[in-house]
Amino acid sequence: GTAASGRNGSESRASTRVKRIFRIVAQWPWLTLLALLALTAVAVHPLVDVEELRLRPLDVDMSMDGLLPEDAEVRKFYDYARRAFGSNETMVVAIRTDDVFTHDSLERIARITAEIEKLDGVHHAIAITNAANVRGSEDGIDIRKFVTEIPTDPGQLAELRGQALSNPIYAGNLISADARTAAIVVQFLNLSDREFIAKGLDAAVHRIAHDAAGDAQVWLTGGPHIRIAQAKYLEANLLRMAPLILLALAIVLAISFRTLRGVILPLLSVSTAVLWTLGVLAWLGRPLTLVTFFVPVMLLILGVAYSVHVVSEYYDTLRGDAKISSRDAVEHTLSLVWLAVLLAGLTTVAGFLSNAVSPLAALVEFGWTMVVGVLATLICALTLTPALCALILKQGMHKP
């Protein structure tokens, strides 16, 4: 009996503290909103360039490293090989002309290759104009450049063409079989994807190749270029999907509540939570990965439900007592829904926490990011939404 009494007393004290918090939200909504605004400003600070008044691009890491367990043998051997032999990251610049073996085309290829090699982060670049030519000689092995000097004589250029196309090292690798396309193979230093993006290497190689190519066609390919293109595609897809999801949610909310408040309040609440989540990632220096890219979209879909519970109960409270004051309506609403909303959020948190035992680092990070996001949506649903309800009512909108 004594234990039960003590437990009931602890639960009563906890309930009293919760009700005190909700009383502050209901009685002083402006104070609540100012506190939330300050918290939002702190959260999004790394996402905003204050001097230029623009959003900073999110850090993106499209590498596959997080999709392999760190203790897997294949991952250990891969990391060892990179430490021992350097990066295996290459990019290929393909230049297509009517004929590679003209003085102008070879000059162009040599100029592009030399400019690319000057970039910070590039180990070396190989093209037909600077490739080594290994030949046997009386003294052993003779190693010199395949093209020591770019000829202007048509006969010498034709001879150069014949030597290149008959050499299996060049033909099909640095020169196409029809001698119309040349490849420049760019080898990078051992850079992480974030360092590669920060140095702007993909854009720099693209700019150099296109500026010097003239009327020739230029293509880029290779692992780093593909990952950059993938990151841009995912970012564009996220920016396209988010408004569509918000529109779909707005339609559902409009059908459900048939009021402007019933649409705006849940969407504003969940959008704020998404900003907090992205801000936390930025503060921690964590980039968006192949997996965490989908966190904002998932939060929009999952998180809106918590604010819907609050708004729905708030409307029921108004219908039940037309004379109730705005502060009392909000306080009564929170006293009824806080436990249900909290339990709903915590069960979702528990589900995403299960990713913490995964051997895949990407899934672990996804789980923790979703936990942060869900907790943010809970806080916004139980503070931002009711505070706005109280303010809107105080401005004379007493009917739902």
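The coordinates are above.
Please read these numbers as outputs of a predicted model, since none were measured by experiment. (Residues numbered from 1 in each chain as written. Predicted model: local features only at pLDDT ≥ 70, side-chain atom pairs only at ≥ 80, totals over all residues. Heavy atoms only, no water.)

Mapped onto the elements of the fold, Leu302 is located in helix α10 (residues 295-320). The class of Leu302 is partly exposed, set by a relative accessible area of 35%. Residues Leu302 and Val270, spaced 32 residues apart in sequence, show a C-alpha to C-alpha distance of 9.0 Å. Ignoring anything within four residues of it in the chain, the contact list for Leu302 reads Phe352 and Met370. (Helix = DSSP H or I, 4+ residues; strand = E, 2+ residues; numbered from the N terminus. Buried < 20%, exposed > 50% of the residue type's maximum accessible area, 1.4 Å probe, protein only. Contact = heavy atoms within 4.5 Å.)

On to the sheet that holds strand β9 (residues 217-221), then. Neighbouring strands of a sheet are bound in pairs by backbone hydrogen bonds; such pairs are parallel or else antiparallel. Spatial strand order, β5-β8-β4-β9: four strands in an open sheet with antiparallel pairing. The open sheet has two edge strands, β5 (122-126) and β9, and neither has a second partner. Sheet twist, expressed as the mean angle between neighbouring strand axes with direction ignored, is 20°. Direction of pairing for β5 relative to strand β8 (residues 181-188): antiparallel, over a ladder of four bridges. (Pairing = 2+ DSSP bridges. Axes fitted to C-alpha atoms, helices over the stretch in contact; angles between N-to-C directions.)

Two elements in contact, helix α8 (residues 223-257) and α10, have axes separated by 11 Å at closest approach and are oriented at 20°. Here α8 lies roughly parallel to α10, going by the angle between them. When you trace α8 past α10, the crossing you get is right-handed. For the pair formed by α8 and α10, the contact residues are Leu238, Met241, Ala242, Ile245, Leu246, Leu249, Leu253 and Phe257 on the first element and Pro296, Val297, Leu300, Ile301, Val304, Val308, Val311, Ser312 and Tyr315 on the second. Counted by class, the contact of α8 with α10 contains 16 nonpolar, one polar and no charged residues. (Parallel < 35°, antiparallel > 145°, perpendicular 65-115°, else oblique. Left-handed = near helix turned anticlockwise from the far one by under 90°. Nonpolar A, V, L, I, M, F, W, Y, C, P; charged D, E, K, R; others polar.)

Counting residues in hydrophobic clusters, the biggest one holds 68 residues, and the most contacted among them are Leu267, Met370, Val374 and Leu382. When contributions to this core are tallied by element, the ones reaching two or more residues are α1 (2-27), α2 (29-44), α8, α9 (260-283), α10, α11 (326-353) and α12 (361-394). Top contributing element to this core by residue count: α12, with 17 residues. For Leu267, the residues in contact, after removing those within four places along its chain, are Leu246, Leu249, Ala250, Leu253 and Val304. Within the second largest apolar cluster, 42 residues are counted, among which are Ala125, Phe196, Ala209 and Val218. (Core = buried A, V, L, I, M, F, W, Y, C linked by side-chain atoms within 4.5 Å.)

Checked against the element boundaries, Leu299 lands in helix α10. Placed 75 residues apart in sequence, Leu299 and Val374 show a C-alpha to C-alpha distance of 6.9 Å. If sequence neighbours within four positions are ignored, Leu299 has contacts with Val270, Val274, Thr277, Val304, Met370, Gly373 and Val374.

Turning next to the pattern of salt bridges. For the structure on display, the rule yields nine salt bridges. A salt bridge links Arg108 to Asp104; the nearest nitrogen and oxygen atoms lie 2.4 Å apart. With Arg108 and Asp104 both in helix α4 (residues 103-117), this residue pair falls four residues apart, about one helical turn. Its salt-bridge partner being Arg286, residue Glu365 comes within 2.9 Å of it at the nearest N-O pair. Of the two residues, Glu365 is situated in helix α12 and Arg286 in the loop between α9 and β10 (288-289); the sequence distance between them amounts to 79 residues. A network of salt bridges, in which partner residues are shared, links Asp104, Arg108 and Asp215. (Salt bridge = Lys/Arg side-chain N within 4 Å of Asp/Glu carboxyl O.)

This part takes up unusual backbone geometry. With phi around 60°, Ala179 is a residue other than glycine that occupies positive phi space. Topologically, Ala179 is positioned in the loop between α5 (154-166) and β8. Overall, the relative accessible area of 0% leaves Ala179 in the buried class. You will see that Arg258, though not glycine, has its phi angle at about 60°, which is positive. Turning to its location among the elements, Arg258 is positioned in the loop between α8 and α9. For Arg258, a relative accessible area of 75% puts it in the exposed group.

Attention now goes to the packing of aromatic side chains. Taken as a whole and assessed by the stated rule, the structure comprises five aromatic pairs. Judged by centre distance (5.6 Å) and plane angle (80°), the rings of Phe257 and Tyr315 are edge-to-face. Linking Phe257 in helix α8 with Tyr315 in helix α10, this pair joins segments that are 58 residues apart in sequence. Centroid distance Phe352 to Phe366: 5.9 Å. Interplanar angle 80°. Geometry classified as edge-to-face. Taken together, the positions of Phe352 in helix α11 and Phe366 in helix α12 put the pair 14 residues apart, joining distant regions of the chain. Judged on exposure class, the residue Phe352 and its partner Phe366 are both buried. (Phe/Tyr/Trp six-rings, centres within 6.5 Å; stacked < 30°, edge-to-face > 60°.)

The next thing to look at is the side chain of Thr113. For Thr113, the location among the structural elements is in helix α4. Accessibility expressed as a relative area gives 2% for Thr113, which makes it buried.

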